[in-house]
Amino acid sequence: MPELPEVEIVTRRLDAALSGAVVESALAPGMNVMKTFDPPLEALIGTSVTGVRRVGKMPVVHFSSTSLSRRRSSSRSTDGDLALLIHLMSAGRLRAFDKRASAKDRASRVLVRLEDGRELRLREFGTKQRAWAKLLPAGAVAEDEMVASLGPEAWPPPPLEDFAAAIDQPRHLHPLLRHQRDIAGIGRSWVDEILWEAHLSPFKKGSELDEEEVGRLHAALHVLGDAIDHYEETIGPEVPDKVPMPLRVHRHEGEPCPRCGTTIEAVFFSEHQTNYCPKEQTGGRVLKDRRLSRLLK
Ligand SMILES: [Zn+2]
């Protein structure tokens, strides 16, 4: 699942590639993918892409209905501007292609066809159709329930006081840090890296952290920025569907901890897993497999 660093590099590359491109047509082959109907997707026809950015783990594509010449000749407000807010869920990918999708491509969810022949495509892999998009007046994005309910962005790191307030809750750090309403952008992969960097147990509760531990956790958010820097260096103009993630502990069970050499352990849940270094994160304790236990979630 794409998390903050992966969505950041996707939106940066799309922003560079698509800005200025004019929309020829737009359609949504995906069943129920569009969560809005007014304005309709056809409202994008004739608009141009003005930018691609990210909020939390969601890409947002901005379009301007004002033609370039009109924009130059007047300083009109951006009344007609639209934004496509996208939730990739676990299997959605947003990518630009030089050619148009075949009508038989069952992964297609939203297709924005550009006059230059390219196509911005929201695709989703697997059988579940869970990714969605909303076409909104650009000014309404911030008020959208999915955006307005987000906690502070995990990167760039929020001020320490805001972060401390966001995580001061009697819940385990692993689900807490992944909960977008508490802090936005972190998912199942990067949470393990952040907790390892902070030397904290995934089963410690947010409200149990002392001041020094909160500071350590806050400082550990730099792993997200490091990942973005890594992608900037290693990924070209095209971002692959499966970005090679520079993870050091997540899914590295059985391997030596990159810091102390202790064997990395795992706790498996029904749909995900958490990895940690027992020596540095749990006081030497190896935690029980949770697949058979619902005591902790
Ligand atoms: Zn270690």
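Quick note: structure is the one above.
> Can you help me understand the side chain of Asp144 in this one?
Of note, Asp144 is situated in the loop between strand 8 (132–137) and helix 3 (145–148). Note on Asp144: relative accessible area 10%, which makes it buried. For Asp144, the residues in contact, after removing those within four places along its chain, are Leu85, Lys134 and Leu136.

> Just to check I follow, could you spell out the pairing of strand 2 (residues 48–55) for this structure?
Working note: regular strand, side chains alternate between the two faces of the sheet. Of all the eight residues making up strand 2, six are buried; the element is thus mostly covered by neighbouring parts of the structure. When strand 2 meets strand 3 (residues 58–64), the two strands line up antiparallel, connected through seven bridges. Within strand 3, the residue paired with Arg53 across the bridge is Val60. Here strand 2 hands over to strand 3 after two residues, with Gly56 in that stretch at a positive phi of 55°.

> What's the story with the nonpolar core in this structure? I'm lost.
What tends to happen in soluble globular proteins is that the nonpolar side chains get buried as a cluster. Among the nonpolar cores identified, the biggest contains 58 residues, and Val61, Leu84, Ile186 and Leu217 are the most heavily contacted of them. No other element matches helix 1 (residues 4–18), which puts six residues into this core. Judged by nonpolar contacts, the second largest core, of 11 residues, contains Val55, Ala83, Leu85 and Val147.

> Help me understand the sheet that holds strand 2 in this model?
The strands making up a sheet associate through hydrogen bonds between their backbones, and the pairing can be parallel or antiparallel. One open sheet accounts for four strands, arranged 2-3-4-8; its pairing is antiparallel. The sheet terminates laterally at strand 2 and strand 8, the two strands that pair on one side only. Between one strand axis and the next, the sheet turns by 20° as a mean value, whatever way the strands run. Judged from the four bridges that link them, strand 3 and strand 4 (residues 82–87) form a sheet pairing that is antiparallel. Bridge pairing in strand 4 links His62 to Ala83. Its contacts with the sheet put helix 1 on strand 2 and strand 3, and the angle it makes with strand 2 is roughly 170°.

About the thresholds
- Residues numbered from 1 in each chain as written.
- Predicted model: local features only at pLDDT ≥ 70, side-chain atom pairs only at ≥ 80, totals over all residues.
- Heavy atoms only, no water.
- Helix = DSSP H or I, 4+ residues; strand = E, 2+ residues; numbered from the N terminus.
- Buried < 20%, exposed > 50% of the residue type's maximum accessible area, 1.4 Å probe, protein only.
- Contact = heavy atoms within 4.5 Å.
- Pairing = 2+ DSSP bridges.
- Core = buried A, V, L, I, M, F, W, Y, C linked by side-chain atoms within 4.5 Å.
- Axes fitted to C-alpha atoms, helices over the stretch in contact; angles between N-to-C directions.

So far we have only geometry, and geometry alone does not tell us how the molecule works.
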